[in-house]
Amino acid sequence: MTETLRQLTLSSRPLSWVNTAYPFAAAYVMVTREVDVALVVGTLFFLIPYNLLMYGINDVFDYESDLKNPRKGGVEGALLDRRLHRTTLLAATLLPVPFVVWLVAIGSPSSWLVLAGSLFAVVAYSAPRLRFKERPVLDSLTSSTHFASPALYGLVLAGEPIGRGTWLILAAFFLWGVASQAFGAVQDVKADREGGISSIATVLGPRTTVRFALACYLAAGLLMIAVPWPGPLAGLLVLPYVVLCWPYRSVSEAEAETANRGWRQFLGANYVVGFLVTMLLIWTALT
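Residues numbered from 1 in each chain as written. Predicted model: local features only at pLDDT ≥ 70, side-chain atom pairs only at ≥ 80, totals over all residues. Heavy atoms only, no water.

**Observations regarding the packing of aromatic side chains**
A full pass over the atoms with the stated rule returns 17 aromatic pairs. A centroid spacing of 5.3 Å and a plane angle of 35 degrees characterise the contact between F24 and F46, whose relative ring orientation is tilted. Placement of F24 in helix α2 (residues 17–32) and of F46 in helix α3 (residues 37–47) is noted, with a sequence separation of 22 residues between them. Each of the two residues, F24 as well as F46, counts as buried. When the ring of F24 is compared with that of Y153, the centres are 6.0 Å apart and the planes differ by 25 degrees; the resulting orientation is stacked. You can see F24 sitting in helix α2 and its partner Y153 sitting in helix α9 (residues 138–157), a full 129 residues away along the chain. The exposure class assigned to F24 is buried, which follows from its relative accessible area of 0%. Clustering of aromatic rings is evident, with ring pairs tying together F173, W176, F183, Y217, Y241, Y248, W263 and F266. (Phe/Tyr/Trp six-rings, centres within 6.5 Å; stacked < 30°, edge-to-face > 60°. Helix = DSSP H or I, 4+ residues; strand = E, 2+ residues; numbered from the N terminus. Buried < 20%, exposed > 50% of the residue type's maximum accessible area, 1.4 Å probe, protein only.)

Shown next as structure tokens:
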């Protein structure tokens, strides 16, 4: 039982829990200005069940390609024992159910729609037949939906009318997610080719994919210029990601795996940038 829980926890990518829970919680709190049951339940949902659903399905149906990927078997992705595949799918499917039922019960039709879209994107990314992760460019768009939709859901659940500035922030965040998925795919080109998996990086090539990611990061920053103050300051927060990607702008296919160094730095940068975003949100709330 202990080993099963350890494997399930590893499969849910603990390092990435905050990437989905934080956008929901930040958006909800900025609207309601209070801590209530909906905030707590929603944050818990996007913290663990949501990530287990997303990554657990991925680890089961990507098992064959993961065997060829040296990154797998640690914090960057579990290499699940075959005997745990059924258990993982059951846990990933059943754990979110009580949270979703409760959130639907307290929500509005518009919140149901956003939540349904978010969950569909999570399942469609890795599930057989749909496999959006193997549809180049759609893979990046779907992956970004995993992280941007919790923020949109937080706003809608809180009953916030979404104005122009908020849409610009959401669009910038979405572009950040597209860029991040694309850059992350570069390091897996060799393993994906050997596993017969298509991705934005296998189709466009590592060099073009990195440059696409750079363009999306910069576009996200530029969008924030049009957001009311102190929004433009948040636009500067794309610069660490540009710096991380820049050394790989001309990476060859043979050297694509070296992008893993940049990806590991990316995982750490998320926490620093997240802290700075929090400071900006507090500043906004106090002004």
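**Observations concerning the pattern of salt bridges**
This structure, assessed with the given rule, holds three salt bridges. The salt bridge involving R13 is made with D59; its shortest N-O contact spans 2.8 Å. Of this pair, R13 sits in the loop between α1 (2–11) and α2 while D59 sits in helix α4 (residues 49–61), and the two are 46 residues apart along the sequence. For R13, a relative accessible area of 6% translates into the label buried. (Salt bridge = Lys/Arg side-chain N within 4 Å of Asp/Glu carboxyl O.)

**Structural notes on the nonpolar core**
Core analysis: the biggest nonpolar cluster contains 30 residues, and F183, V186, V210, Y217, Y241 and F266 have the highest contact counts within it. Looking at this core, the elements with two or more residues in it are α10 (164–186), α12 (200–204), α13 (206–223), α15 (239–245) and α16 (259–286). Residues in contact with F183, not counting those within four places in the same chain, are V210, A213, L244, C245, Y248, A259, G262 and W263. Counting residues in each nonpolar core, the second largest holds 27 residues, with Y28, F45, A92 and V156 among its members. (Core = buried A, V, L, I, M, F, W, Y, C linked by side-chain atoms within 4.5 Å. Contact = heavy atoms within 4.5 Å.)

**Overview of the environment of A38**
Mapping A38 onto the fold places it in helix α3. Residue class for A38 comes out buried when judged on its relative accessible area of 9%. Sequence spacing of A38 and L157 is 119 residues, and the spatial spacing of their C-alpha atoms is 8.6 Å. In contact with A38, other than residues within four places in its own chain, are F24, Y28, W102, I106 and L157.

**Quick word on the side chain of S140**
Residue position: S140 is located in helix α9. Setting aside residues no more than four positions away along its own chain, S140 makes contact with V178, Q181, A182 and I200.

**Observations concerning the layout of surface pockets**
Estimated volume of the largest pocket: approximately 1,200 Å³. If you trace the largest pocket, you find 42 residues lining it, with Y22, I169, F173, V277 and L281 closest to the centre. When residues of the lining of the largest pocket are traced back to their parent elements, those giving at least two are α2, α9, α10, α13, α14 (231–235) and α16. The greatest single-element share of the lining of the largest pocket, amounting to 10 residues, is contributed by α16. Residue classes in the lining of the largest pocket are distributed as 30 nonpolar, 10 polar and two charged. In this structure, the second largest pocket spans a volume of roughly 160 Å³. (1 Å grid on protein atoms, 1.4 Å probe; cavity = no way out; pocket = protein on both sides within 12 Å on 5 of 7 lines; lining within 4 Å. Points joined across faces, edges and corners; volume = space filled by probe spheres on them. Nonpolar A, V, L, I, M, F, W, Y, C, P; charged D, E, K, R; others polar.)

**As for the packing of α4 against α9**
Direction vectors running N to C along α4 and α9 enclose 165 degrees, while the axes themselves pass 12 Å from each other. When the interaxial angle is binned, α4 and α9 end up roughly antiparallel. Our pair here, α4 against α9, has a crossing hand that is right-handed. The residues of α9 that touch α4, namely those facing Y50, M54 and Y55, are T145, H146, F147, S149 and P150. (Axes fitted to C-alpha atoms, helices over the stretch in contact; angles between N-to-C directions. Parallel < 35°, antiparallel > 145°, perpendicular 65-115°, else oblique. Left-handed = near helix turned anticlockwise from the far one by under 90°.)

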